[in-house]
Every structure is written in C-alpha cells, then in structure tokens.
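Understanding the architecture of this molecule
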Amino acid sequence: IMKNLFLSDAVVLSASASFSQEEKNYLPEAGDWAVGIDATPFLNYAGNLLGGGNSAPAWNALTSQVITGKYFIDANTAYRGSLRLGFLSNSASAMIGDATPNVNDGLVYPNLPAMVEDNAKFSNMNVTLGFGMEKRRGFGRLQGYYGAELGIGMSSSSESYEYGNDAVGGTAVNATNTTDWGQLGQDAWGNDARITENKSGTAFFIGARAFIGAEYFVMPRLAVGGEFGWGL
C-alpha cells in the first residue's frame, strides 16, 4: 500500500499536488511524503498570459535548482532533505584574422582576408546535499513552520582554449592576434604566452541554516507557500 504523497513548499513560492485516500483531510499526517517545487516560473507564465511583462512575487530564495523532500513522522514534525546537482558545459568559437606572414599578399576586393578559428570550452560542477528537521504550527489550512538544516557540498570549474594562430618564437606577434579569451600573459621564463587550460580545483563547503515559512493548503494535499532562511 503506497503512503500518501503530496507536494509542499521548498524554495521561494511553491506549488504542490497530492494523492490521498482521504480527500477531506487537507493537512499532512504521519507517514506522508512531500516533494517541493519552485512555483515562481508558473506564476510568471500565468501573469504574462494576463498581461505581458508581469513577474511573480518571490520570497528570499534558497539555493536554486534544488530538489527537496519531506517525511512526516507526525502531523507537526517532518524530516527535510535536499539535493542539488548542477553541471554546466558550454563552448564558444570566434573567427580571427590569420597571422601567417604574407598570407594575404595580393589580396584584392571583394576577396576577404584569410581567417582562422579560436575555440574555448567551459565546464563547472556544483553538488549540494542538505538535511534538517521542520516543526509546524497553525490553524486550519494555514500552517506556519520553522526549523534548521545542515548542508555539505562541493564545486569545481575548468576552462580550455585552442587558438588558430600559434604563438611562435616566444613573441607576442601571433599571440596577440587572438580573441578576448586569449589572456595574453607571461610564462615562468618571462616569455609572452597564452592560457590553454585553467582549472579551479575542487572546493568543499559545509553550512547550517535556520528557516521559517508558511503555507496555505488550497486543496487537500496541495499547498502554496514561501520561506525565509538565514545561514552560515
């Protein structure tokens, strides 16, 4: 037999839906599971349908792009968990003039100067886990809640560059003929050089935060709410 499942608030404004055998019971009970989503994009969409350019109101946000869940051990107490899996990878390219000597000798209009391509790749990763406890108080469908949670995480980033023009002879003649990401500098021997790879390493962090919020159950097992938090 499946436990009751409903969605509740987790980040900023949130919406929720549920599956319950007791339709008359609006509020969570012991053994219920909750999943929270950020409702701001949906409210923005609804507002723009009614009149373009309208943005949804937003309360102070938790970390963005977080999957959150709760498990109620009784009607007024829940364990909270959160997971953020952030991965980004993108690339860029740009055409720039070919710095090969004499490559454009004899060039006449409307022929274009010779070009080469610079390429760059960027990636970063951010993973965060959180766990805490929530206590609830309220009257009827309006429920206030408060609690605390701990979080741990790790992040890293990297960049790599390829250039159409070589930096030859330890001079800046060709090195400067690159796109803005060329980052012309000097190597350990004082020669002009460009960055080809840059890695940040891995950063680890740990934190704790307190939170307080409220939600209103507009339907059985469906609530809209908001949350404020402060952490270290």
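Residues numbered from 1 in each chain as written. Predicted model: local features only at pLDDT ≥ 70, side-chain atom pairs only at ≥ 80, totals over all residues. Heavy atoms only, no water.

Details of the overall build of the protein chain
Across its full length, the protein chain holds two helices and 12 strands. Helices and strands appear in the protein chain in the N-to-C order β-β-β-β-α-β-β-β-β-α-β-β-β-β. Classification of the 232 residues of the protein chain by burial places 31% in the buried group. Taking as baseline every contact in the protein chain between residues at least 6 positions apart, the subset at least 24 positions apart corresponds to 68%. Accessible surface for the protein chain amounts to roughly 14200 Å². Of this, 61% is attributable to carbon and sulfur atoms. (Helix = DSSP H or I, 4+ residues; strand = E, 2+ residues; numbered from the N terminus. Buried < 20%, exposed > 50% of the residue type's maximum accessible area, 1.4 Å probe, protein only. Contact = heavy atoms within 4.5 Å. Areas by Shrake-Rupley, 256 points an atom, 1.4 Å probe, with all protein chains shown as cover.)

Side note on a nonpolar patch on the surface
Judged by side-chain polarity, Leu142, Tyr216, Val218, Met219 and Val224 come together as a nonpolar surface patch covering roughly 430 Å² of accessible area. At three residues, the largest contribution of residues to the nonpolar patch is made by strand 11 (residues 197-219). In this structure, Val218 sits in strand 11. The exposure class assigned to Val218 is partly exposed, which follows from its relative accessible area of 37%. (Patch = residues over 30% accessible without salt bridge, like charges linked within 9 Å, V, L, I, M, F, W, Y side chains within 5 Å. Salt bridge = Lys/Arg side-chain N within 4 Å of Asp/Glu carboxyl O.)

Overview of the packing of aromatic side chains
Tallied over the full model, the rule gives four aromatic pairs. A centroid spacing of 6.1 Å and a plane angle of 80° characterise the contact between Phe122 and Tyr161, whose relative ring orientation is edge-to-face. Taken together, the residues Phe122 in strand 7 (residues 115-139) and Tyr161 in strand 8 (residues 142-162) connect sequence positions 39 residues apart. According to the relative accessible area criterion, Tyr161 is buried, its value standing at 6%. Over the face of the ring belonging to Tyr145 we find Lys70, whose NZ or CZ atom lies 4.9 Å from the ring centre. Here the guanidinium or amino end of Arg80 rests over the ring plane of Phe211, the centre of that ring lying 3.8 Å away. (Phe/Tyr/Trp six-rings, centres within 6.5 Å; stacked < 30°, edge-to-face > 60°. Lys NZ or Arg CZ within 6 Å of the ring centre and 35° of its normal.)

Concerning the environment of Ala114
Mapped onto the elements of the fold, Ala114 is located in the loop between strand 6 (77-97) and strand 7. With residues near it in sequence (within four places) discarded, Ala114 still touches Ile96, Gly97, Asp98, Val103 and Asn104.

Thoughts on the environment of Ala30
Examined against the element boundaries, Ala30 turns out to sit in the loop between strand 3 (18-19) and strand 4 (33-38). Sequence separation between Ala30 and Ile73 is 43 residues, and the spatial gap between their C-alpha atoms is 4.8 Å. Discounting chain neighbours no more than four positions away, the residues touching Ala30 are Phe72, Ile73, Asp74 and Ala75.

Thoughts on the pairing of strand 8
As defined by bridge partners, strand 7 adjoins strand 8 across 21 bridges and the pair is classed as antiparallel. Its bridge partner lying in strand 8, Met133 is registered against Ala148. Where strand 7 folds back onto strand 8 in an antiparallel hairpin, the turn is made up of two residues, including Gly140, whose phi is positive at roughly 65°. As paired elements, strand 8 and strand 11 share 18 bridges and run antiparallel to each other. Counterpart to Ser158 in the pairing with strand 11 is Lys199. (Pairing = 2+ DSSP bridges.)

Structural notes on unusual backbone geometry
The peptide bond linking Tyr109 to Pro110 adopts the cis configuration, its omega dihedral lying at 10°. Mapped onto the fold, Pro110 is located in the loop between strand 6 and strand 7. Backbone geometry at Asn102 places phi at a positive 65°, although glycine is not the residue there. Of note, Asn102 is situated in the loop between strand 6 and strand 7. Taking relative accessible area as the criterion, Asn102 reaches 59% and is therefore assigned exposed. In this structure, Arg221 is a non-glycine residue whose phi angle is positive, near 65°. The topology assignment puts Arg221 in the loop between strand 11 and strand 12 (222-231).

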